[in-house]
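# Commentary on secondary and tertiary structure
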Amino acid sequence: MYKVLLILSFLFLSITNAKLMEEGAFVKEKQELIKLKNELDEFYKIKEKEYKINKNKLLALDKDIQEKLDQIEKTKRENQRILDEINLTISSKAMTMYGKMKIKIVKNILEEKIKAGQINEVFDIIVRLKTKRVMELLKKFDTKTSTKLMDMLNKHKDTKLKEK
């Protein structure tokens, strides 16, 4: 009987101990999960801080790049303005020279340019000359060249009128 009672008490203690072990394991797992959750929260906070720092660095870099692009654009506009002034000065000096040359010499120079296929350049020169000088030049050119230049002048005149 003692044996049976001993076996029964042993079984009872084993079952109770097993149940306590199960509850202890559950508590232990719960504690591990809480610890793991806390570690993950800390990890995400660290990563969020790193993200914000990197984002701020990128925004600052973007701002610097934009400022440099703006500076480059400003320099480009300034250089273009200077270049336009230089071209205008050269052009006005050339026009002054063409205006002072004899008509025959100007005609010969412009004919050479036309033969070289630079009729648009010749047209640009003629447009800048005084009207009286242009009429004298057109009289000196052959009929075909004069006609072509007159057509170009008329188109230019029509374009200017439409712009107004």
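Throughout what follows, the structure given in this document is the object of discussion.

About the cut-offs
Residues numbered from 1 in each chain as written. Predicted model: local features only at pLDDT ≥ 70, side-chain atom pairs only at ≥ 80, totals over all residues. Heavy atoms only, no water. Patch = residues over 30% accessible without salt bridge, like charges linked within 9 Å, V, L, I, M, F, W, Y side chains within 5 Å. Areas by Shrake-Rupley, 256 points an atom, 1.4 Å probe, with all protein chains shown as cover. Salt bridge = Lys/Arg side-chain N within 4 Å of Asp/Glu carboxyl O. Helix = DSSP H or I, 4+ residues; strand = E, 2+ residues; numbered from the N terminus. Buried < 20%, exposed > 50% of the residue type's maximum accessible area, 1.4 Å probe, protein only. Core = buried A, V, L, I, M, F, W, Y, C linked by side-chain atoms within 4.5 Å. Contact = heavy atoms within 4.5 Å. Arc of directions from axis to C-beta. Axes fitted to C-alpha atoms, helices over the stretch in contact; angles between N-to-C directions. Nonpolar A, V, L, I, M, F, W, Y, C, P; charged D, E, K, R; others polar.

## Some words on a nonpolar patch on the surface
Together, L33, L36, L40, F43 and Y44 make up a nonpolar patch on the protein surface, roughly 530 Å² of accessible area in all. By the secondary structure assignment, L40 is in helix α1 (residues 2-100).

## A closer look at the pattern of salt bridges
A complete count under the given rule lists 6 salt bridges for this structure. For D41, the salt bridge goes to K37, with nearest N and O atoms at 3.2 Å. Taken as a pair, D41 and K37 lie in helix α1 at a separation of 4 residues, close to a single helical turn. K52 is the partner of E48 in a salt bridge, and the nearest nitrogen-oxygen pair spans 3.6 Å. Highlighted residues: E48 and K52, both in helix α1, separated by 4 residues, approximately one helical turn. K52 sits in the partly exposed class, given a relative accessible area of 47%.

## Things to note about the nonpolar core
Judged by nonpolar contacts, the single largest core of 18 residues is most densely connected at L110, I126, L129, L137, F141 and L149. Those elements giving two or more residues to this core turn out to be α1, α2 (103-115), α3 (119-128), α4 (131-140) and α5 (143-163). Take this core: its biggest share by element is 5 residues, from α3. Every residue in contact with L110, bar those within four places of it in the chain, is listed here: V122, I125, I126, L137 and F141.

## Topic: α4
Turning to α4, its buried residues are R133, V134, L137 and L138. Summarising the axial view, the buried residues of α4 lie within an arc of 135 degrees, below the 170-degree limit, and thus occupy one face. Exposed positions of α4 whose direction lies more than 90 degrees from the buried face are K132 and K139.

## Regarding the packing of α2 against α3
Direction vectors running N to C along α2 and α3 enclose 150 degrees, while the axes themselves pass 7 Å from each other. Residues L110, K113 and I114 of α2 form the contact with α3, whose participating residues are I119, E121, V122, I125 and I126. Of the residues assigned to the contact of α2 with α3, the class counts are 6 nonpolar, no polar and 2 charged.

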